[in-house]
Amino acid sequence: MASTKRKRKPHIPADLTSAAGRNRAHSELIWSDHGFLRTRFSNLHEIFQGVWRSNQPSPSQIRAHVDDRGIRTIINLRGESTKGYYLLEKEACSAANVTLIDFQVFSRDTPTSAAVLGAEDLFRNIEYPVLMHCKSGADRAGLMATLYSIFVQGHSVSTSIEQLSLKYLHVKQGKTGMLDAFFQAAIDAGADSPDQFRHWVRTDYDRIQVKANFLKKQGRTLELDRLLGRE
């Protein structure tokens, strides 16, 4: 029997050179991407000197980051997009002479070895001060903040995992807990120091097995994902 599931139409990016297109992009930022929830709360934290994390910044917030904090690089952890929030961010970064780097990671999956090791390389080759953000500033930003703490600050995994906590609105229940499971797997394997962790990721880390173990353990508690509705 043929599937009745409809294919999603490709999103056509707004034209920022026209008034109508710019209005549409702002509408996508504020309403479709829930930007109205971020107008007064940016989940902004300076986790180390010159290293900031937050939720999705608006163009005005990007200008404030540059003026108030001297931000030179923004790492977008959501990946490149045709949506208004990204188009406006890209434009604002260009206008402020800020380097925008699209480094996509995921909140509901165990990270790949390539992404983990790529983060270390990224951190060592960017201009600081830096702001890294996802949509909520809780999960993907927490993953990268943890990796920064390990690879650049030289802290243990067990200390660095504090970047994934309720303080930053990270919830361990639900599929976002896969990020915690990843780091806990390293600790359980005796890979708590930066060098041990790096070696474990390169040689012993089994992403699929860590994910399977997590899903089996969590069971029905993953229903929380549907209620939270986060990316």
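These figures come from a predicted structure and were not determined experimentally. Along each chain, the written sequence defines residue order, and numbers are assigned to residues from 1. It should be noted that, the model being predicted, local features are given only for residues of pLDDT at least 70 and side-chain atom pairs only at 80 or more, the latter also being counted only at that level, while totals for whole chains, interfaces and linings use all residues. Processing note: side-chain calculations cover all non-hydrogen atoms of the structure and skip hydrogens and water entirely.

### A few points about the packing of helix H7 (residues 177-188) against helix H9 (residues 207-218)
- Between N-to-C directions, angles cover 0 to 180 degrees, with each direction set by a line fitted to C-alpha atoms, over the stretch in contact for helices. A run of DSSP states H or I qualifies as a helix once it reaches four residues; a run of E qualifies as a strand once it reaches two. Both are numbered from the N-terminal end. For the pair H7 and H9, interaxial distance at closest approach is 10 Å and the crossing angle is 120°. Taken as axis vectors, H7 and H9 run oblique relative to one another. As H7 runs across H9, the sense of the crossing is right-handed. Between H7 and H9, the residues in contact are Gly177, Met178, Ala181, Phe182 and Ala185 and Val210, Lys211, Phe214 and Leu215, respectively.
- Ten residue types, Ala, Val, Leu, Ile, Met, Phe, Trp, Tyr, Cys and Pro, are classed as nonpolar, four, Asp, Glu, Lys and Arg, as charged, and the remainder, Gly among them, as polar. Within the contact of H7 with H9, the residues separate by chemical class into seven nonpolar, one polar and one charged. If an angle is under 35 degrees, it is roughly parallel; if it is over 145, roughly antiparallel; if it lies from 65 to 115, roughly perpendicular; otherwise it is oblique. For a crossing to be left-handed, the near helix must be turned anticlockwise from the far one by less than a right angle; the clockwise case is right-handed. Contacts between residues were defined by any pair of non-hydrogen atoms, one from each residue, lying within 4.5 Å.

### Here we look at the nonpolar core
- Within the largest apolar cluster, 42 residues are counted, with the highest numbers of intra-cluster contacts made by Met132, Met144, Leu147, Phe183 and Phe197.
- Of all the elements in the fold, those that place two or more residues in this core are strand E1 (45-48), helix H4 (113-123), strand E5 (130-133), helix H5 (140-151), H7, helix H8 (194-203) and H9.
- Tallying contributions element by element places H5 first for this core, with eight residues.
- If we skip the residues at most four places from it in the chain, Phe183 touches Leu143, Thr146, Leu147, Ile150, Val157, Ile161, Leu164 and Phe197. Nonpolar cores were defined as sets of buried Ala, Val, Leu, Ile, Met, Phe, Trp, Tyr and Cys residues, with membership established by side-chain atoms within 4.5 Å. Burial classes: relative accessible area under 20% of the type maximum marks a residue as buried, over 50% as exposed, and values in between as partly exposed (1.4 Å probe, protein chains only).

### Some thoughts on the sheet that holds E1
- Strand order in the open sheet made by the five strands is E1-E2-E5-E3-E4, with mixed pairing throughout. Where the open sheet ends on each side, the last strands, each with one partner, are E1 and strand E4 (99-102). With strand direction ignored, the average angle separating the axes of adjacent strands in the sheet is 25°.
- For strand E3 (residues 73-76) and E5, the ladder comprises four bridges, and the chain directions are parallel. For Ile75, the partnering residue across the bridge sits in E5 and is Met132. Paired strands, as defined in this entry, are two strands with at least two bridges between them according to DSSP.

### Considering H8
- Within the span of H8, buried status applies to Pro194, Phe197, Arg198, Trp200 and Val201. Angularly, the buried residues of H8 cover 160° about the axis, an arc narrow enough to put them on a single face. With respect to the buried face of H8, the exposed residues turned more than 90 degrees away are Asp195 and Arg202.
- Where H8 is buried, its residues meet H4, H5, helix H6 (157-160) and H7. Note that the arc is computed from the directions linking the helix axis to the C-beta atoms.

### Comments concerning the side chain of Ser156
- By secondary structure assignment, the location of Ser156 is in the loop between H5 and H6.
- Side chain to side chain, Ser156 and Thr159 meet in a polar contact 3.0 Å long.
- When near neighbours in sequence (up to four residues on either side) are disregarded, Ser156 contacts Ile150 and Asp192. Under the rule applied, a polar contact is a pair of N or O atoms within 3.5 Å (in protein, one hydrogen donor and one hydrogen acceptor; residues adjacent in sequence only if both atoms are side-chain atoms).

### Structural notes on the packing of aromatic side chains
- Two rings from Phe, Tyr or Trp (for Trp, the six-membered ring) form a pair when their centres are within 6.5 Å of each other. A pair whose planes differ by under 30 degrees is stacked, one over 60 is edge-to-face, and the rest are tilted. Considering all chains together, one arrives at twelve aromatic pairs under this definition.
- Arranged with centres 5.8 Å apart and planes meeting at 70°, the rings of Phe182 and Phe197 form a pair that is edge-to-face. Here Phe182, found in helix H7, pairs with Phe197, found in helix H8; they are 15 residues apart in sequence, far enough to count as distant.
- Classification of Phe182 as buried rests on a relative accessible area of 0%.
- Assessed through its relative accessible area of 0%, Phe197 is described here as buried.
- Ring pairs connect the aromatic residues Phe151, Phe182, Phe183, Phe197, Trp200 and Tyr205, which therefore count as one cluster.
- Sitting above the plane of the Tyr85 ring, Arg78 keeps its charged end 3.8 Å from the centroid. Consider the ring centre and the ring normal. A charge sits over the ring if Lys NZ or Arg CZ is within 6 Å of that centre and within 35 degrees of that normal.

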